[in-house]
Amino acid sequence: MIRRVWTAREADEWTKEDWIAIVLSPLCYILLTLGAALTIFLQMSGYIMLGIGIVLTVILHWVIDPKLRAISADYETRQQSYLRELEAKVRWQDTDSKQP
């Protein structure tokens, strides 16, 4: 039902997991904020909201984290490749500029 394995290309497209994250993220934020505030005043509803907010935040992380990891791994690979290429170009230019 919830996909857990992604390639970078697949993870870059909009899927139901993204929509779940879009719905859950503001809901988690509101529940955690109100729950924490009401918990300070020792309100039972605050404890309930805080608990639900924590559970929903864990679910949100469980749903969206595999997509984010796939995209991040691809980005890091491309960045390392770019940096190696850039370093090779800079070294070549430096050796060129030292010659008379």
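Rules used in this analysis
Residues numbered from 1 in each chain as written. Predicted model: local features only at pLDDT ≥ 70, side-chain atom pairs only at ≥ 80, totals over all residues. Heavy atoms only, no water. Patch = residues over 30% accessible without salt bridge, like charges linked within 9 Å, V, L, I, M, F, W, Y side chains within 5 Å. Areas by Shrake-Rupley, 256 points an atom, 1.4 Å probe, with all protein chains shown as cover. Salt bridge = Lys/Arg side-chain N within 4 Å of Asp/Glu carboxyl O. Helix = DSSP H or I, 4+ residues; strand = E, 2+ residues; numbered from the N terminus. Core = buried A, V, L, I, M, F, W, Y, C linked by side-chain atoms within 4.5 Å. Buried < 20%, exposed > 50% of the residue type's maximum accessible area, 1.4 Å probe, protein only. Contact = heavy atoms within 4.5 Å. Polar contact = N/O pair within 3.5 Å; in protein donor to acceptor, adjacent residues only side chain to side chain.

### Quick notes on a nonpolar patch on the surface
So, point 1. A surface patch of nonpolar side chains, amounting to about 540 Å² of accessible area, comprises L42, M44, Y47, I48 and I52.
So, point 2. Looking at where L42 falls in the secondary structure, it is placed in the loop between α2 (16–40) and α3 (44–98).

### Section: the nonpolar core
So, point 1. Of all hydrophobic cores here, the largest spans 7 residues; its members are A21, L24, C28, L31, L56, L60 and I64.
So, point 2. Element by element, the count of residues in this core is highest for α2, at 4 residues.
So, point 3. Discounting chain neighbours no more than four positions away, the residues touching L24 are L56, I59 and L60.

### Focus on the environment of E10
So, point 1. Along the chain, the position of E10 falls in helix α1 (residues 8–11).
So, point 2. As for E10 and E76, which are separated by 66 residues in sequence, their C-alpha atoms are 17 Å apart.
So, point 3. Setting aside residues no more than four positions away along its own chain, E10 makes contact with R3 and V5.
So, point 4. A polar atom in the side chain of E10 sits 3.2 Å from the backbone nitrogen of T7.

In short, shape yes, function no, at least from these values alone.
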